[in-house]
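One letter stands for each residue in the lines below.
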Amino acid sequence: MPALTIARTTQPKPRVADPDLGFGQVFTDHMLVMDYTQGSGWQDGRIEPYGPLTLDPATLVLHYGQAVFEGFKAFRSSTGEVVLFRPRDHIARLNASGARLCIPALDEPFVLEALKRLVHLDADWVPRTFGCALYVRPLILATDPDLVVRPSRRYRFLTILSPVGAYYREGFRPVRILVSDRYVRAVRGGLGAAKTPANYAASLLAAEEAKAAGFTQVLWLDGTERTFVEEVGTMNIFFRLGDELVTPPLEGTILPGITRDCVIRLASHWGLKVSERRISIPEVIEAHARGNLLEVFGSGTAAVISPVSELVFRGKSLSIAQGRVGDWTQRLFDTLTGIQYGKMEDPFGWTVPVSP
Ligand code: COI
């Protein structure tokens, strides 16, 4: 296993009060850094003071986007204990994304230990307020300084930490969503299942146009027929149709969300009918017309559960749950956050303490 060295900062930064935290604006005192060179593999890890990178302007990632990242959270429980939420699943997904982008796999047990050390060192930055958390952002960049289009022979793995509040300005209030049939996020055989910057770059124009029209985000349809629902904004999507909870299946175009998995497992655990199946926009419209579209919500690490109050498709508005938060949406939010903040039992072993 690689070694880990720690160089503490001599200039700790000023803190920002929890109510003033936005999302990803403030960063802690330290970061984790690890380099890879072809032939030698991943080298020892270093925890260093947080600071800027020096990159050659020819650095491969800047030109061709060979990079993957992750996002997960550390929470402070009511007893003061700091826990990471499903870190092993996020590290495994980082490697799965890396495989799609020709990025060499990290040693998962080592990375988990290194991230625990990093969060433990900056544990005082973990917010104390419900709804706030410490966001952990691992990232791997291709660092070869040349312009040939091929997988890099050098990489840098970094992890930075950011105390965060709510992702959406609306918090847990229901949001309005525009169904996009003009732009698509991903196509079959493409990058949709990988957490890679290109997917987020591809989403920007649609999201900006939706925001200008008064919506919070877009609902993405499939890239071929523009009929089947895929994701909402940067989140996975769920529909409650009567007594069935439906979410699109993982067929390569959708990010295998960890919160998506939590929702499926919780709902199944409660005996609810959960279907991972294709769902088309005509089916959603028809269910709405029959009064069977009871709840819609997005799931993701950043916003956890985000209720949807309205979907607009080609000028047709579907109002959901009279703009209120539905029962299943509320129960899922309460249970997930209850487990994260240590207020409820964690029967699934999702939380991992950072203390040594
Ligand atoms: C999430 O829901 O966690 C995301 O993917 C958003 C993140 C890129 C800020």
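Cut-offs used in this document
- Residues numbered from 1 in each chain as written.
- Predicted model: local features only at pLDDT ≥ 70, side-chain atom pairs only at ≥ 80, totals over all residues.
- Heavy atoms only, no water.
- Axes fitted to C-alpha atoms, helices over the stretch in contact; angles between N-to-C directions.
- Helix = DSSP H or I, 4+ residues; strand = E, 2+ residues; numbered from the N terminus.
- Parallel < 35°, antiparallel > 145°, perpendicular 65-115°, else oblique.
- Left-handed = near helix turned anticlockwise from the far one by under 90°.
- Contact = heavy atoms within 4.5 Å.
- Nonpolar A, V, L, I, M, F, W, Y, C, P; charged D, E, K, R; others polar.
- Phe/Tyr/Trp six-rings, centres within 6.5 Å; stacked < 30°, edge-to-face > 60°.
- Buried < 20%, exposed > 50% of the residue type's maximum accessible area, 1.4 Å probe, protein only.
- Near = heavy atom within 4 Å.
- Polar contact = N/O pair within 3.5 Å; in protein donor to acceptor, adjacent residues only side chain to side chain.
- Areas by Shrake-Rupley, 256 points an atom, 1.4 Å probe, with all protein chains shown as cover.
- Expected span 1.5 Å × (residues − 1).
- Core = buried A, V, L, I, M, F, W, Y, C linked by side-chain atoms within 4.5 Å.
- Pairing = 2+ DSSP bridges.
- Right-handed = clockwise from strand over helix to strand, strands pointing away.
- Salt bridge = Lys/Arg side-chain N within 4 Å of Asp/Glu carboxyl O.

*Asks:* I'd like to hear about the packing of helix α2 (residues 87-100) against helix α3 (residues 108-121), residue by residue, with values.
*Replies:* At their nearest, the axes of α2 and α3 sit 10 Å apart, and the two run at 125° to each other. In terms of axis orientation, α2 runs oblique to α3. The hand of the α2/α3 crossing is right-handed. When α2 is examined against α3, the residues Pro87, Arg88, Ile91, Ala92 and Asn95 are found in contact with a partner set consisting of Glu108, Val111, Leu112 and Leu115. Its residues assigned to classes, the contact of α2 with α3 comprises 6 nonpolar, 1 polar and 2 charged.

*Asks:* Break down the packing of aromatic side chains for me, citing the residues and quoting the values.
*Replies:* For the structure shown, the criterion picks out 14 aromatic pairs. Each ring, one from Phe27 and one from Tyr50, has its centre 5.5 Å from the other, and the planes form 10°; the classification is stacked. Of the two residues, Phe27 sits in the loop between β1 (4-6) and β2 (30-37) while Tyr50 sits in the loop between β3 (41-49) and α1 (60-64), which places them 23 residues apart along the sequence. Tyr50 sits in the partly exposed class, given a relative accessible area of 28%. An aromatic cluster of three or more residues is present, and its members are Phe75, Phe85, Phe130, Tyr341, Phe348 and Trp350.

*Asks:* How would you sum up the site of the ligand? Please name residues and give values.
*Replies:* Residues in close proximity to the ligand include Phe23, Tyr135, Arg137, Tyr167, Lys195, Tyr200, Thr234, Gly300, Thr301 and Ala302, which together make up its full environment. Contacts to the ligand include Lys195, whose side-chain N or O atom sits 2.8 Å from an oxygen atom. When isolated, the ligand has an accessible area of 280 Å², and the protein chains bury 91% of it. When the residues that make up the shell around the ligand are grouped by side-chain class, the tally is 5 nonpolar, 3 polar and 2 charged.

*Asks:* Let's hear about α2: which residues, and what values?
*Replies:* The end-to-end C-alpha distance of α2 is 20 Å, a good match for the 20 Å that 14 residues give at a rise of 1.5 Å each. Within the span of α2, buried status applies to Pro87, His90, Ile91, Arg93, Leu94, Asn95, Ser97 and Gly98.

*Asks:* Can you tell me about the side chain of Arg240, naming the residues and giving the values?
*Replies:* Relative to the assigned elements, Arg240 resides in strand β12 (residues 235-241). The exposure class assigned to Arg240 is buried, which follows from its relative accessible area of 12%. A polar contact of 2.9 Å, which involves the side chain of Arg240, links it to the backbone oxygen of Gly242. Apart from the residues lying within four places of it in its own chain, the contact partners of Arg240 are Leu245, Asn292, Leu293, Leu294, Glu295 and Trp328.

*Asks:* So, the nonpolar core: which residues are in play, and what are the values?
*Replies:* In terms of nonpolar packing, the biggest core is built from 44 residues, with Trp42, Leu106, Val119, Ile140 and Phe157 touching the most fellow members. Contact partners of Leu106, with chain neighbours within four places excluded, come to Met34, Trp42, Leu94, Asn95, Val111, Ile140 and Phe157. Judged by nonpolar contacts, the second largest core, of 25 residues, contains Tyr168, Ile177, Phe239 and Ile281.

*Asks:* Give a description of the pairing of strand β13 (residues 244-247) that names residues and reports values.
*Replies:* Of the two faces of β13, both are covered, the one formed by Glu244 and Val246 as well as the one formed by Leu245 and Thr247. As defined by bridge partners, β12 adjoins β13 across 3 bridges and the pair is classed as antiparallel. By the bridge assignment, Phe239 is partnered in β13 with Val246. Between β12 and the antiparallel strand that follows it, β13, lie 2 residues; Gly242 among them carries a positive phi value of about 60°. Across 4 bridges, β13 lies against strand β14 (residues 273-276) in parallel orientation. Its bridge partner lying in β14, Glu244 is registered against Lys273. For the handedness criterion, the β-α-β arrangement of β13, helix α5 (residues 258-269) and β14 is classed as right-handed.

*Asks:* Help me get a handle on the side chain of Thr196, residues and values and all.
*Replies:* The residue Thr196 is located in the loop between β9 (175-180) and α4 (197-212) in this model. Beyond its immediate sequence surroundings of up to four residues, Thr196 is in contact with Gly65, Ala67, Val68, Phe69, Leu101 and Leu191.

*Asks:* Provide a residue-level description of the environment of Ala105, including the pertinent values.
*Replies:* When you line up the elements, Ala105 lands in the loop between α2 and α3. Through-space distance from the C-alpha of Ala105 to that of Ile91 is 9.9 Å; in sequence the pair is 14 residues apart. Beyond its immediate sequence surroundings of up to four residues, Ala105 is in contact with Trp42 and Asn95.

*Asks:* Lay out the pattern of salt bridges with the relevant residues and their values.
*Replies:* Tallying each qualifying case throughout the model produces 28 salt bridges. One salt bridge in this structure joins Arg150 and Asp144, with 3.2 Å as the shortest N-O distance. The class of Arg150 is partly exposed, set by a relative accessible area of 25%. Arg153 serves as the salt-bridge partner of Asp146, at 3.5 Å between the closest nitrogen and oxygen. Taking relative accessible area as the criterion, Asp146 reaches 19% and is therefore assigned buried. Taking relative accessible area as the criterion, Arg153 reaches 34% and is therefore assigned partly exposed.

Purely geometric numbers; function is a separate question.
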